[in-house]
Amino acid sequence: MKKNLSLILALLMAVCLFAVPAQAAEITLQLSEVHAEGYPTSLADYEFARLVNERTGGRIEIEVFTGGTLYGAEPDAIIALQNGALGFTRVSASPVGNFVPAINAIQMPYLYKNKAHMWAVLNGELGQGLLADIESSDSGLVGLAYYDAGSRSFYLTKEVRTVADMAGLKIRMQDNKMMLRMVELLGAIGVSGIGPNDVYSNIVTKVIDGAENNWPTYQNMGDYEAAKYYILDQHTRVPEILLASKAVLDGLSEEDQQIIRECATEVQAYEIEQWELKEKSSEEIVREAGTTVIELTPEARAEFEERMLPLYDEFGADYKDIIDQIKALGADF
Ligand code: BDP
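What you are looking at is a predicted structure, and each value in this text was computed from that prediction instead of being measured. (Residues numbered from 1 in each chain as written. Predicted model: local features only at pLDDT ≥ 70, side-chain atom pairs only at ≥ 80, totals over all residues. Heavy atoms only, no water.)

J.: What am I meant to see in the overall build of the protein here?
T.: Looking only at helices and strands, the protein features 14 helices and eleven strands. The buried share of the protein, taken over its 333 residues, is 51%. Of the contacts made within the protein by residues no fewer than 6 positions apart, 76% connect residues no fewer than 24 positions apart. Carbon and sulfur atoms form 54% of the exposed surface of the protein, whose accessible area is close to 14900 Å². Of note, the protein has its 27 positive side-chain charges centred 4 Å away from the centre of its 50 negative side-chain charges. (Helix = DSSP H or I, 4+ residues; strand = E, 2+ residues; numbered from the N terminus. Buried < 20%, exposed > 50% of the residue type's maximum accessible area, 1.4 Å probe, protein only. Contact = heavy atoms within 4.5 Å. Areas by Shrake-Rupley, 256 points an atom, 1.4 Å probe, with all protein chains shown as cover. Lys, Arg positive; Asp, Glu negative; His and termini not counted. Charge placed at Lys NZ, Arg CZ, Asp CG, Glu CD.)

Structure, rendered in structure tokens:
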């Protein structure tokens, strides 16, 4: 009888333990992402949120909003960070260049020999120094980590094999003055202010003749169904950046800030892994769909590179030292 009673008591206690609701988060922050569910950066956002939640014992919850549902235009998400209206956003380094011009130094055209060169720079002293510059500038932004986004190429509704073929084409560019100037140097017309989720409809309605991006975005946004020429000029490698609001971070304890920084850095390896898989599968999908993938002749490619050279003086002069060091590092790759 006694034995039964203690068994019942033990059972009751176990039930009570499991019935206690999970501790509600003390702090809930939001993260804005333009990509759809399942895209490498979206997966990374969720992993970041999961790690932060776990390491703060459930005290901090990060709600991830994908597909641009919170902010469809990356500059708007960045401004929301500055105002403290948003906690985090994962964006391309490109729009960050309009807020922190030094960030243009890591996304100059034809800067890196290859992906390994880029990662040596980003995860080395130069890249980490520039990431820290985001925070020490008066931008109100904190750069937490870089993620991969491959290389960007033009995609158009018209066949382009040389710079001359670019004349007069209307091309959607990211919201970065340097990128707009880039297409101007090619004789085309840069169009900004179009969020990545609206590129497809703007091609279909002929507002633009195309845009530029990596394989995954070209495929995932469905743009490859509207602009059927992918010109493999690979003009830039623009990494992704996970940004935080300085105002929001400052409101957290030192310990929590530290956890957030560590988790963002840790997620980089995971994002790169997911990126590699997606880059391959996207390229396959695009090629199988009958897209005309144009490999430029070495001469044509050299012409693209040459025409973009003035950007180094116009936008890179203040960071010449850093850019020269980045280029010098290329000798090892
Ligand atoms: C993609 C980036 C995304 C940008 C988009 C764009 O992942 O953050 O918003 O390009 O072109 O590659 O706007």
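J.: Would you mind going over the site of the ligand with me for this structure?
T.: Around the ligand, the structure places 13 residues, and the nearest of them are His 35, Glu 74, Arg 172, Asn 213 and Glu 240. Within the side chain of Asn 213, one N or O atom sits 2.7 Å away from an oxygen atom of the ligand. Compared with its free state, where it exposes 320 Å², the ligand has 98% of that area covered by protein. Looking at the shell around the ligand residue by residue, the classes come out as two nonpolar, six polar and five charged. (Near = heavy atom within 4 Å. Polar contact = N/O pair within 3.5 Å; in protein donor to acceptor, adjacent residues only side chain to side chain. Nonpolar A, V, L, I, M, F, W, Y, C, P; charged D, E, K, R; others polar.)

J.: Would you mind going over helix α7 (residues 177-185) with me for this structure?
T.: Note that an α-helix has 3.6 residues per turn; residues three or four places apart therefore point the same way. Turning to α7, its buried residues number three or more, namely Met 178, Met 179, Met 182, Val 183 and Leu 185. Mapping the buried residues of α7 onto a view down its axis gives an arc of 155 degrees, with all of them on the same face. Of the residues flanking the start of α7, the one acting as N-cap is Asn 176, its side-chain oxygen 2.6 Å from the backbone nitrogen of Met 178. A positive backbone phi angle near 85 degrees is found at Gly 187, which sits one or two residues after α7. (Arc of directions from axis to C-beta.)

J.: Would you mind showing me how to read the domain arrangement of the protein here?
T.: According to the domain assignment, the protein consists of domain 1 (26-149 + 239-274) and domain 2 (152-237 + 285-332). Just the C-alpha atoms count here: the centres of domain 1 and domain 2 sit 24 Å apart. Of the roughly 3000 Å² buried at the junction of domain 1 and domain 2 (both faces included), carbon and sulfur atoms supply 61%. For the domain 1 face of the interface with domain 2, the top three residues by lost area are Met 108, Pro 109 and Tyr 110, together amounting to 26%. (Domains from an automatic or database assignment. Buried area = accessible area lost by both parts, 1.4 Å probe.)

J.: What is the right way to read the packing of helix α2 (residues 40-55) against helix α11 (residues 254-288) from this model?
T.: With their axes 8 Å apart at the nearest point, α2 and α11 run at an angle of 150 degrees to one another. If you check the angle between α2 and α11, you find them roughly antiparallel. For the element pair α2 and α11, the recorded crossing hand is right-handed. From α2, Pro 40, Thr 41, Leu 43, Ala 44, Glu 47, Phe 48, Leu 51, Val 52 and Arg 55 reach across to α11, where they touch Ile 259, Ile 260, Cys 263, Ala 264, Glu 266, Val 267, Tyr 270, Glu 271, Gln 274, Trp 275 and Lys 278. Tallied by class, the residues present in the contact of α2 with α11 amount to 13 nonpolar, two polar and five charged. (Axes fitted to C-alpha atoms, helices over the stretch in contact; angles between N-to-C directions. Parallel < 35°, antiparallel > 145°, perpendicular 65-115°, else oblique. Left-handed = near helix turned anticlockwise from the far one by under 90°.)

J.: What exactly am I supposed to notice about the sheet that holds strand β2 (residues 60-65) here?
T.: Sheets are built from strands paired through backbone hydrogen bonds, the pairs being either parallel or antiparallel. An order of β2-β1-β3-β10-β4 is seen for the five strands of this open sheet, with the pairing classed as mixed. A strand with exactly one partner marks an edge of an open sheet, and here the two such strands are β2 and β4 (141-147). Adjacent strand axes in the sheet meet at a mean angle of 25 degrees when their direction is disregarded. Two elements, β4 and strand β10 (residues 240-245), share six bridges in a ladder whose sense is antiparallel. Residue pairing in the sheet places Gly 143 in a bridge with Leu 243 of β10. Along the sheet face, α11 touches β2, β3 (88-92), β4 and β10 and points at about 25 degrees away from the line of β4. (Pairing = 2+ DSSP bridges.)

J.: Where do I start with the nonpolar core in this structure?
T.: For soluble globular proteins, nonpolar side chains are generally found buried alongside one another. Among the nonpolar cores identified, the biggest contains 57 residues, and Phe 154 and Phe 304 are the most heavily contacted of them. Top element by residues in this core is α7. It accounts for five residues. If we skip the residues at most four places from it in the chain, Phe 304 touches Tyr 110, Phe 154, Val 160, Thr 162, Val 163, Met 166, Leu 186, Asp 233 and Leu 296. The next biggest cluster of nonpolar side chains, apart from the first, holds 25 residues, and it includes Val 64, Phe 88, Val 142 and Leu 249. (Core = buried A, V, L, I, M, F, W, Y, C linked by side-chain atoms within 4.5 Å.)

J.: Is there a simple way to explain the pattern of salt bridges in this structure?
T.: This model, assessed by the stated rule, comprises 20 salt bridges. In this structure, Asp 148 and Lys 115 form a salt bridge, with 2.9 Å as the shortest nitrogen-oxygen distance. Separated by 33 residues along the polypeptide, Asp 148 in the loop between β4 and β5 (152-156) and Lys 115 in helix α5 (residues 115-122) bring together distant segments of the chain. For Asp 148, a relative accessible area of 0% puts it in the buried group. Lys 115 gets classed as partly exposed once you look at its relative accessible area, which sits at 21%. (Salt bridge = Lys/Arg side-chain N within 4 Å of Asp/Glu carboxyl O.)

J.: Is there a simple way to think about the environment of Arg 161 in this case?
T.: The topology assignment puts Arg 161 in the loop between β5 and β6 (170-172). On the basis of relative accessible area, Arg 161 is assigned to the partly exposed category, the value being 41%. For the pair formed by Arg 161 and Ile 294, sequence separation is 133 residues and the distance between their alpha carbons is 7.1 Å. For Arg 161, the contacting residues outside a window of four places in its chain are Ile 294, Leu 296 and Ala 300. A polar side-chain atom of Arg 161 sits 2.8 Å from a polar atom in the side chain of Glu 159.

J.: Looking at this structure, how should I read unusual backbone geometry?
T.: One can expect most non-glycine residues to show negative phi and most peptide bonds to be in trans. In this structure, Tyr 110 is a non-glycine residue whose phi angle is positive, near 50 degrees. Looking at Tyr 110, the relative accessible area reads 9%, which means it is buried. The phi angle at Gln 234 is positive, at roughly 45 degrees, despite the residue not being glycine. As for its position among the elements, Gln 234 is in strand β9 (residues 229-236).

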